[in-house]
Amino acid sequence: MSKLAIVGGNRVQEKADESLFHWPIVNQAMIDAQTKVLVDGNMSGTDIARRFEAEFAKWQGRRYALSHNNGTSSLHAAMYGVGLGPGDEIICTSVTYWASCTGALSLGATVVFCDVDPETLQMDPASFEAHITPRTKAVMVVHYMAHPAPMDEIMAIAKKHGLKVIEDVSHAQGGHYRGRMLGTFGDVAAMSLMSCKSFAIGEGGMLVTDDAEIYKRAIRLGHYDRIIDVCTDEEMEAPKNIPFGGLKNRMHQVSAAIGLEQLKKHDAEIAEIDRAMKYFWKGIADVPGLRMIYPTDAGSDKAGWYASRFLYDSAAFGGVSNVTFCEALNAEVGGGFSFGCNMPLHLSSVFFDVDVYGHGKPTARAFLPDGVDPRVLSGDLPNAEKVNMRVLGEPWFKHDDHARIDPYIEAVRKVASNFGELLPINDTTPIIGGVALSKRKK
């Protein structure tokens, strides 16, 4: 009988150890906090949200924090906060979740995509600078899959060209780059705090900044009941307390109450995740063809390891695709591994050809000079287009329990040692994004 479970052999373990992956870790204090909000009938206030903001700002070392109903809203507010508007361009890496930049279209701006570093999956500074035009207003720097972007180089380029810097910290809350917390480098940072993120409060987002004007604009966009806090009587006279964006972005108080409790334990929880993930990698570090993606700079880390990926060299396994290798791994342990990552956004017509708001022309070019083509502005991004064929995702261990992690180490070593058995079933169908295994051809 074959050694590999995917072709009839015995499994390393019968099913995935779900308790290793369950998230978030809920304690009694979180339950009591949300219950109190409900019992008090205080779901739609702002007092708890304001307390959460104050504590979050202190944790981040920022002057201001503004809570939002989700991360998408906070990123949109950050773009509005720096003054992004009609005819402006914002540069963003193509390999990220759509919420990092799509909100720019609603502001009349155009998203220009740059490439990623093939070794770290982060923004390639050279590609960033090459995509700057006289219309570029800002850059959206994504700390993708918990790994810090190269902020020293990015900030130097932004300063050289007079650009605003927005950090998307949705994948890396509490992370560091060269000893400094992510979200404290740019003019403003924003992040998701939804239930699957490493800082999980159910649903919510946070904007942080030291800039009073950015903070004020973010409030003016979508926090009608707090406009009076930041606007003068003269500024309030004509528009009153109507939000300029016609939006209502405030955070639900249940989420804020949970967030206050999460702040007390987040650092300890992500430290345990870091230990668990590093133990896993210690067990497979000598396997040829697999390489952990982790920052090498002193003082940098991969806080929370959210959606972490590692590099997979199919040539080291006789041409076996990352899809087939992943399926073999999951067959051994019942799940936990994944393949690919986000679809490169520059392959979506939304950013080039779709008339989203009825301008009579593609929204992305509605305010650009005639003859300027957004697709040409982004151009070819070879690293972004290849990345989904080159990465696998580790199981996201929440507990540093070596005995329970060991089967996953054994699975990797087993599949890597017997990859030849995968060649007859190898699936080489191109992928452009992380597609659920159930939707792939078996």
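Criteria and cut-off values
- Residues numbered from 1 in each chain as written.
- Predicted model: local features only at pLDDT ≥ 70, side-chain atom pairs only at ≥ 80, totals over all residues.
- Heavy atoms only, no water.
- Pairing = 2+ DSSP bridges.
- Helix = DSSP H or I, 4+ residues; strand = E, 2+ residues; numbered from the N terminus.
- Axes fitted to C-alpha atoms, helices over the stretch in contact; angles between N-to-C directions.
- Contact = heavy atoms within 4.5 Å.
- Phe/Tyr/Trp six-rings, centres within 6.5 Å; stacked < 30°, edge-to-face > 60°.
- Buried < 20%, exposed > 50% of the residue type's maximum accessible area, 1.4 Å probe, protein only.
- Lys NZ or Arg CZ within 6 Å of the ring centre and 35° of its normal.
- Salt bridge = Lys/Arg side-chain N within 4 Å of Asp/Glu carboxyl O.
- pLDDT = per-residue confidence, 0-100.

### Points about the sheet that holds strand β8 (residues 188-192)
Remark on secondary structure: sheet strands pair via backbone hydrogen bonds, oriented parallel or antiparallel.
At step 1: A sheet is described by the order of its strands in space; here seven strands give the open sequence β1-β9-β8-β5-β4-β2-β3, paired in mixed fashion. With partners counted over all chains shown, the strands left at the sheet margins are β1 (64-68) and β3 (110-114), one partner each. Averaged over all adjacent pairs, the angle separating strand axes in this sheet is 20 degrees, with direction ignored.
At step 2: Examined bridge by bridge, strand β2 (residues 89-93) and β3 share five bridges and lie parallel to one another. Note on β3: the bridge partner recorded for cysteine 92 is phenylalanine 113.
At step 3: Packed on one face of the sheet, helix α3 (residues 71-81) meets β1, β2, β4 (136-142), β5 (164-168), β8 and β9 (205-209) and runs near 165 degrees to β8.
At step 4: Packing against the sheet, helix α5 (residues 151-161) makes contact with β4 and β5, and its axis sits at approximately 150 degrees to β5.

### Structural notes on the packing of aromatic side chains
The geometry of an aromatic ring pair comes down to the distance between the two centres and the angle between the two planes.
At step 1: Counted by the stated rule, this structure contains 24 aromatic pairs.
At step 2: Summarising the aromatic geometry, the rings of phenylalanine 397 and tyrosine 408 are spaced 5.4 Å apart at their centres and angled 70 degrees between planes, so their arrangement reads as edge-to-face. Residue phenylalanine 397 is found in the loop between β13 (391-393) and α13 (402-417), and its partner tyrosine 408 is found in helix α13; the two are separated by 11 residues along the sequence.
At step 3: Judged by relative accessible area, phenylalanine 397 falls into the buried class, the value being 0%.
At step 4: One aromatic cluster is present, formed by Phe21, Phe280, Trp281, Phe310, Phe337, Phe397 and Tyr408 through successive ring pairs.
At step 5: In this structure, arginine 180 packs its charged tip against the face of phenylalanine 185, placed 4.4 Å from the ring centre.

### Details of the pattern of salt bridges
At step 1: For the structure on display, the rule yields 24 salt bridges.
At step 2: Note that arginine 178 is salt-bridged to aspartate 152, the shortest N-O span being 2.5 Å. Taken together, the residues arginine 178 in the loop between β6 (176-177) and β7 (180-181) and aspartate 152 in helix α5 connect sequence positions 26 residues apart.
At step 3: Several salt bridges converge on common partners, so that one network encompasses Asp17, Asp401 and Arg404.

### Side note on the confidence of the model for the protein
At step 1: A residue-level look at the protein finds 97% of positions with pLDDT of 70 or above and a mean pLDDT of 96.
At step 2: β5 holds the highest mean pLDDT among the elements of the protein, 99, whereas helix α8 (residues 233-237) holds the lowest, 94.
At step 3: In the predicted structure, residues 434-442 sits below a pLDDT of 50 and forms 20 contacts with residues beyond four places in sequence or in another chain.

### Things to note about unusual backbone geometry
At step 1: In the segment running from tryptophan 23 into proline 24, the intervening peptide bond is cis, with an omega of 0 degrees.
At step 2: Topologically, proline 24 is positioned in the segment before α1 (28-40).
At step 3: Even without being glycine, methionine 145 reaches a positive phi, approximately 55 degrees.
At step 4: Looking at the element boundaries, methionine 145 is found in the loop between β4 and α5.

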